[in-house]
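# Coordinate analysis (summary)
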Amino acid sequence: MLDSTRRDARPRIAPAGLMFLAITSIGWGFNWPVTKFLLSELPPLTLRGVTGVLGAVLLALLALVRGDSLKVAPAIWPRLLTAAVLNVTGWMVLMGLALLWLPASEAALIAYTMPVWASLIAWPVLGERPTVLRTLGLVMAFAGLASIMGGNGIAASAAKAPGIIMALCGALGFAVGTVFSKKYPIHLPPVTAAAWQIGIGCLPISVVGLLIETSHLDKVTPTGWWLLVYSTVVQFCIAYVSWFAALARLPASVAAIGTMAVPVIGVVASALALHEPLGAGQIAALIFTLAAVVLATR
């Protein structure tokens, strides 16, 4: 009988973990063109905020069904609020606005440079020195950004500049939030922690959106309503729950590298569904970005 606690035992990769990881990657990957489409029918803050709040409510109900408590100890609240602002509020607002200037495929590629920035931030904060491979990964990430910004000429790049800046800031903010969560972990059940972070992070977005934006629900198409259900249920609930299930069954490195399928799916799905360009510049950016994340997670 094998002892799984032995130091020389290799981490077991459970087939169920790979299945959950695939569900997560598909759910998050397809959400990029979904959000891009929905922005043509609904304003960005209302769209991101309201779907997030509804998703948080569904996750909270799931936590209760699972028998998890939603109670948060007073000492955890500062960490929970900080993580919610960095990982949810900033990400949702900046990425939603970035899609107003960028194709979904390019926004997804920039967003998933996050592991590179996290590895750099972890050096001074967590004492994790960047390896040669991670340094090379940073260079590859910049090469991918250069491919996006220069692929269609200087004029096109200038028009995309606000979206590129917002997407980069969103990726950097999420990286800071990731390192923060490692340094100050939130000791809550995973589904409970996700419900609180998404709810806290999206509530102010939805309030501001409802106050300053005008939504014409009568102009939302039947396709738009179905995609709203997808964005709420699949992105915030099924994909997040599958992610937690994958983390419980897979080595962390395998799970992290597996998320690289998200921008791949986002780029291909955007090309097929939204007829976004998939030329040499986008393919080069895809290759460079994936290589950067691979090297950064080594």
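Residues numbered from 1 in each chain as written. Predicted model: local features only at pLDDT ≥ 70, side-chain atom pairs only at ≥ 80, totals over all residues. Heavy atoms only, no water.

As recorded by an unreviewed UniProt entry, the protein carries the name DMT family transporter and is attributed to Bradyrhizobium guangzhouense. Here is the UniProt Subcellular location (unreviewed entry) comment for the protein, exactly as written: "Cell membrane". (UniProt positions renumbered as here; feature names shortened; annotations may be inferred.)

### As for the overall build of the protein
Helices and strands together make up the secondary structure of the protein, namely 12 helices and zero strands. Along the protein, helices (α) and strands (β) appear in the sequence α-α-α-α-α-α-α-α-α-α-α-α when read from the amino end. Per-residue burial for the protein yields a buried fraction of 48% across its 298 residues. Across the protein, every contact between residues at least 6 apart in sequence was considered, and the portion connecting residues at least 24 apart equals 89%. On the protein, roughly 14,400 Å² of surface is accessible, and the fraction owed to carbon and sulfur atoms is 73%. (Helix = DSSP H or I, 4+ residues; strand = E, 2+ residues; numbered from the N terminus. Buried < 20%, exposed > 50% of the residue type's maximum accessible area, 1.4 Å probe, protein only. Contact = heavy atoms within 4.5 Å. Areas by Shrake-Rupley, 256 points an atom, 1.4 Å probe, with all protein chains shown as cover.)

### Focus on the packing of aromatic side chains
What describes a pair of aromatic rings is the distance from one ring centre to the other and the angle between the planes of the rings. Here the structure, examined in full by the defined rule, presents three aromatic pairs. Ring centres 5.2 Å apart and planes at 80 degrees place the aromatic pair tryptophan 77 and tryptophan 196 in the edge-to-face group. Residue tryptophan 77 is located in helix α3 (residues 77–98), and its partner tryptophan 196 is located in helix α8 (residues 190–212); the two are separated by 119 residues in the primary sequence. By relative accessible area, tryptophan 196 is classed as partly exposed at 27%. Between phenylalanine 180 and tyrosine 184, the aromatic rings sit 5.2 Å apart at their centres with planes inclined by 50 degrees, giving tilted as the arrangement. Relative accessible area serves as the criterion here: at 35%, tyrosine 184 is assigned to the partly exposed category. (Phe/Tyr/Trp six-rings, centres within 6.5 Å; stacked < 30°, edge-to-face > 60°.)

### What about the packing of helix α4 (residues 104–111) against helix α11 (residues 261–273)?
In contact at an axis separation of 8 Å, α4 and α11 are set at 170 degrees when each is read in the N-to-C sense. On the basis of their axis angle, the class for α4 and α11 is roughly antiparallel. Two secondary-structure elements touch here, α4 through Ala104, Ser105, Ala108 and Leu109 and α11 through Pro263, Gly266, Val267 and Ser270. (Axes fitted to C-alpha atoms, helices over the stretch in contact; angles between N-to-C directions. Parallel < 35°, antiparallel > 145°, perpendicular 65-115°, else oblique.)

### Quick look at the pattern of salt bridges
Under the defined criterion, the tally for this structure stands at one salt bridge. A salt bridge links aspartate 68 to arginine 66; the shortest N-O distance between them is 3.2 Å. Judged by relative accessible area, arginine 66 falls into the exposed class, the value being 51%. (Salt bridge = Lys/Arg side-chain N within 4 Å of Asp/Glu carboxyl O.)

### Overview of the nonpolar core
Core analysis: the biggest nonpolar cluster contains 46 residues, and Trp28, Trp32, Leu59, Met92 and Ile198 have the highest contact counts within it. Mapped onto this core, the elements with two or more residues apiece are α1 (15–38), α2 (44–65), α3, α4, α7 (154–183), α8 and α9 (222–249). Per-element accounting of this core gives the leading share, 10 residues, to α9. Setting aside residues up to four positions removed in sequence, tryptophan 28 forms contacts with Tyr112, Gln235, Ala239, Tyr240, Trp243 and Val262. Grouped together as the second largest cluster of nonpolar side chains are 10 residues, Val116, Ala118, Ala171 and Ala292 included. (Core = buried A, V, L, I, M, F, W, Y, C linked by side-chain atoms within 4.5 Å.)

### Observations concerning α4
For α4, the tally of buried residues reaches eight of eight residues, placing the bulk of the element in the interior. When we look at burial in α4, the residues that qualify are Ala104, Ser105, Glu106, Ala107, Ala108, Leu109, Ile110 and Ala111.

### Structural notes on the packing of α3 against α8
Orientation of α3 relative to α8, taken along the N-to-C sense of each, is 60 degrees, at an axis distance of 8 Å. Compared by their axis directions, α3 and α8 come out oblique. With respect to the hand of their crossing, α3 and α8 are arranged in right-handed fashion. Contact residues: Trp77, Leu80, Leu81, Ala83, Ala84, Asn87, Val88, Thr89, Met92 and Val93 in α3; Ala193, Trp196, Gln197, Ile198, Ile200, Gly201, Cys202 and Ile205 in α8. Split into classes, the residues belonging to the contact of α3 with α8 amount to 14 nonpolar, four polar and no charged. (Left-handed = near helix turned anticlockwise from the far one by under 90°. Nonpolar A, V, L, I, M, F, W, Y, C, P; charged D, E, K, R; others polar.)

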